[in-house]
Amino acid sequence: MKISDLIITPLAFADPPLLNSTGVHEPLALRTVVQLVVDGGLVGLGEGSGEREVLDRLELVRAAIIGQSVFDTSAIELIVAAVLGPDVTPLQKRAVFSIIEVACLDAQGKLLGVPVVDLLGGAVRSEVPYSGYLFYKWAGHPDAVADGWGEALDPAGIIDQARRMIDLHGFRSLKLKGGVFPPDEEIAAMRALAGAFPGMPLRIDPNGAWSVETSKYVARELAGVLEYLEDPTLTTAAMAEVAAVASMPLATNMCVISPETVPEAVRLNAVQIVLSDHHYWGGLRHTRELGAICDTFGLGMSMHSNSHLGISLAAMTHVAAATPNLAYACDTHYPWNSLDDVVTTPFEFVDGALAVPAGPGLGVGLNEAKLAELSRRYVESGRTTRADTAYMRLVDPAYDPTLPRF
Ligand SMILES: [Mg+2]
């Protein structure tokens, strides 16, 4: 069954003003949806980054994959690498291939009448737990009305947000995006969460915003509070210094981001948990392989998220269900963005988890009207890249995202 077309559609969807160490989320987040058409008109769906460079690379490989069998994903991966050439890094190639691979697997599943999880070895769990992803945030975007989530700039605001997340979605673990305020304020927020939700697994992720010394201080202060500490500081060597004294496991989606980055992290015992992300690791089958790598080296496994829609969430759920040692609740931004989804039936969490979609392929349909609306919004926005720092500087012209911030 051959690929006859690849329709590439960049989208812009509403995003609240979520704060992080680089700045703040803009009113629109960018994403790309692909429709991979096979002979006979059947369509496989894929989703990934909306950055202009990713779109350009998808356009470059489009002609080369037309005519390939939709089942030959290994050959397609080689074609993607060859077309993009030596100036494009392996990581950048994987970001492109992952979108196509998911679309191929969706099409394969539809052709065979089986869910994608069955193409990955079958489900080892029938539902996938996700963690409630908390953010410091403004009440609304500048010059816009407040959004329904309200302001969260202190421990009380974070508690309110956590309570709302749990009431709406039933999450059974919580993660705070940190690196925004001085560490003592974020330590206070984590302690407040531990007090308000006794026994709830808690994580904080400042995206490398802390120095080694600050990271060690936070690790000491939050001993007994955290399930894991994610990317407190940049570089594998610096993470190893922190890991040597931290009582809790260190997790990462910043220093272990590809097969090439695993050996040094293992040699230095820099991290104990790797956050997978099929968008970075080259698709769902390579994410399964990451599971084997983590098994080999005794590393735990969780899952990273960027702002995304339901096609990615379906893919994340299928691969998490098929990966035995992906035992930590996965991250997802979905509750922040689900009102603008392009799938026909948006996902609903039950007790903080998603059932693995049962339909053939990814098990999601495409809302063509919504796709067209978000595509128009992309064009009208004139945006081609994410710019959290520039957006923050509209409000705080002196904002400095240089790491470590603290
Ligand atoms: Mg992270």
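What you see is a predicted model; the values in this text were computed from it and never measured. (Residues numbered from 1 in each chain as written. Predicted model: local features only at pLDDT ≥ 70, side-chain atom pairs only at ≥ 80, totals over all residues. Heavy atoms only, no water.)

1. Re the side chain of Ser215
How we decide: In DSSP terms, a helix is any run of H or I states spanning at least four residues, a strand is any run of E spanning at least two, and both are numbered starting from the N terminus. Burial classes follow relative accessibility: with a 1.4 Å probe on protein chains only, a residue under 20% of its type's maximum area counts as buried, one over 50% as exposed, and anything between as partly exposed. In protein, a polar contact requires one atom able to donate a hydrogen and another able to accept it; more generally it is a pair of N or O atoms within 3.5 Å, and residues adjacent in sequence count only if both atoms are side-chain atoms. In what follows, a contact means two residues having at least one pair of non-hydrogen atoms within 4.5 Å.
Residue placement: Ser215 occurs in helix α7 (residues 212-221). For Ser215, a relative accessible area of 0% gives the class buried. One polar contact links the side chain of Ser215 to the main-chain carbonyl oxygen of Ser211, over a distance of 2.7 Å. Other than its neighbours up to four places away in sequence, Ser215 contacts Trp210, Pro232, Thr233 and Val242.

2. Quick notes on the coordination of the magnesium ion
Quick note on the threshold: Each metal site is built from N, O and S donor atoms within 2.8 Å (3.2 Å for Na, K and Ca), and since water is not included, such sites may look incomplete.
Donor atoms from the polypeptide that coordinate the magnesium ion comprise Asp205 (OD), Glu230 (OE) and Asn253 (OD1), at 2.0 to 2.2 Å from the metal. When the donors of the magnesium ion are listed by position in the chain, the intervening gaps give D-x24-E-x22-N. Here Asp205, found in strand β9 (residues 202-205), pairs with Glu230, found in strand β10 (residues 228-230); they are 25 residues apart in sequence, far enough to count as distant. Per residue, the accessibility class of Asp205 equals that of Glu230, and both read buried.

3. Brief notes about a nonpolar patch on the surface
Put simply, the test is: Each patch is assembled from residues with relative accessible area greater than 30% and no salt bridge, linking like charges that lie within 9 Å and nonpolar side chains (Val, Leu, Ile, Met, Phe, Trp, Tyr) that lie within 5 Å. In short, Shrake-Rupley with a 1.4 Å probe defines the accessible areas, and a residue's cover is counted only from the protein chains shown. The salt bridge definition used is simple: a Lys or Arg side-chain nitrogen within 4 Å of an Asp or Glu carboxyl oxygen.
Together, Met1, Phe71, Leu111 and Leu112 give the surface a local cluster of nonpolar side chains, amounting to about 340 Å² of exposed area. By the element assignment, Leu112 lies in helix α3 (residues 90-112).

4. Considerations on the domain arrangement of the protein chain
To be explicit about the condition: Boundaries of every domain are those given by an automatic assignment or by a domain database. As a working definition, buried area equals the accessible area (1.4 Å probe) given up by two parts on being put together, with both sides summed. As a working rule, the residues Ala, Val, Leu, Ile, Met, Phe, Trp, Tyr, Cys and Pro are called nonpolar, Asp, Glu, Lys and Arg charged, and the rest polar, with Gly in that last group.
Segmenting the protein chain into domains produces domain 1 (3-117 + 367-380) and domain 2 (122-355). Inter-centroid distance (C-alpha atoms) of domain 1 to domain 2 is 24 Å. Between domain 1 and domain 2, roughly 3,500 Å² of surface is buried when both sides are summed, and carbon and sulfur atoms account for 62% of that area. There are 3 salt bridges connecting domain 1 and domain 2. One salt bridge in this structure joins Asp340 and Lys370, with 2.8 Å as the shortest N-O distance. The element best represented in the side of domain 1 that touches domain 2 is α3, accounting for 10 residues. In the side of domain 1 that touches domain 2, the residues fall into 23 nonpolar, 9 polar and 9 charged.

5. Things to note about the side chain of Arg203
The topology assignment puts Arg203 in strand β9. Only 2.8 Å separates the side chain of Arg203 from the side chain of Glu227, close enough to count as a polar contact.

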